[in-house]
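As a plain string of letters, each chain reads:
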Amino acid sequence: LKLWDLDDGRCIRTFKGHGHASFTVAFRERMQAVAADFHKREAISGSWDKTLKLWDLDTGRCIRTFTGHSDGVNSVAADFQVRQAISSSGDKTLKL
């Protein structure tokens, strides 16, 4: 995962930790497969490694890893004020 500056195109930070390609990221108030709260400085990502990871945007540190899917995560959305996320997976489940 990479955090990009949209004004100058520069990579601000690289996040490492998923075992396979990470293909969904959530940015609050954006597309359905996408959630980050820039006020709380957090983002959540889903990966083919069957996990979701909560990231600290300032340090690049993985705060928490969420497990429970038996197949890769297809999408994730989050409400950072309520402190909940929902994910969908190739295992045909949604997890809250």
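None of the values given here were measured: they were computed from a predicted structure. (Residues numbered from 1 in each chain as written. Predicted model: local features only at pLDDT ≥ 70, side-chain atom pairs only at ≥ 80, totals over all residues. Heavy atoms only, no water.)

Moving on, we come to the layout of surface pockets. Computed from the structure, the largest pocket encloses a volume of approximately 330 Å³. Of all the elements in the fold, those that place two or more residues in the lining of the largest pocket are β5 (42-47), β6 (52-56), β7 (62-66), β8 (73-79) and β9 (84-89). For the lining of the largest pocket, the element with the most residues is β9, which contributes four residues. Partitioning the lining of the largest pocket into residue classes produces nine nonpolar, five polar and five charged. (1 Å grid on protein atoms, 1.4 Å probe; cavity = no way out; pocket = protein on both sides within 12 Å on 5 of 7 lines; lining within 4 Å. Points joined across faces, edges and corners; volume = space filled by probe spheres on them. Helix = DSSP H or I, 4+ residues; strand = E, 2+ residues; numbered from the N terminus. Nonpolar A, V, L, I, M, F, W, Y, C, P; charged D, E, K, R; others polar.)

Taken as a whole and assessed by the stated rule, the structure comprises three salt bridges. Across the pair Glu 42 and Arg 83 runs a salt bridge whose closest N-O atoms are separated by 2.7 Å. With Glu 42 in strand β5 and Arg 83 in the loop between β8 and β9, this residue pair connects regions lying 41 residues apart in the sequence. You can call Glu 42 buried: its relative accessible area is 11%. (Salt bridge = Lys/Arg side-chain N within 4 Å of Asp/Glu carboxyl O. Buried < 20%, exposed > 50% of the residue type's maximum accessible area, 1.4 Å probe, protein only.)

Quick look at the pairing of β9 now. Across six bridges, the pairing between β8 and β9 is antiparallel. By the bridge assignment, Ser 75 is partnered in β9 with Ser 88. What sits between β8 and β9 in their antiparallel hairpin is a turn of four residues, with Arg 83 showing a positive phi close to 65°. Relative to strand β10 (residues 94-95), β9 is paired through two bridges, and the arrangement is antiparallel. Counted as the bridge partner of Ser 88 is Leu 94 from β10. Two successive antiparallel strands, β9 and β10, enclose a turn made up of four residues, where Lys 92 displays a positive phi of approximately 65°. (Pairing = 2+ DSSP bridges.)

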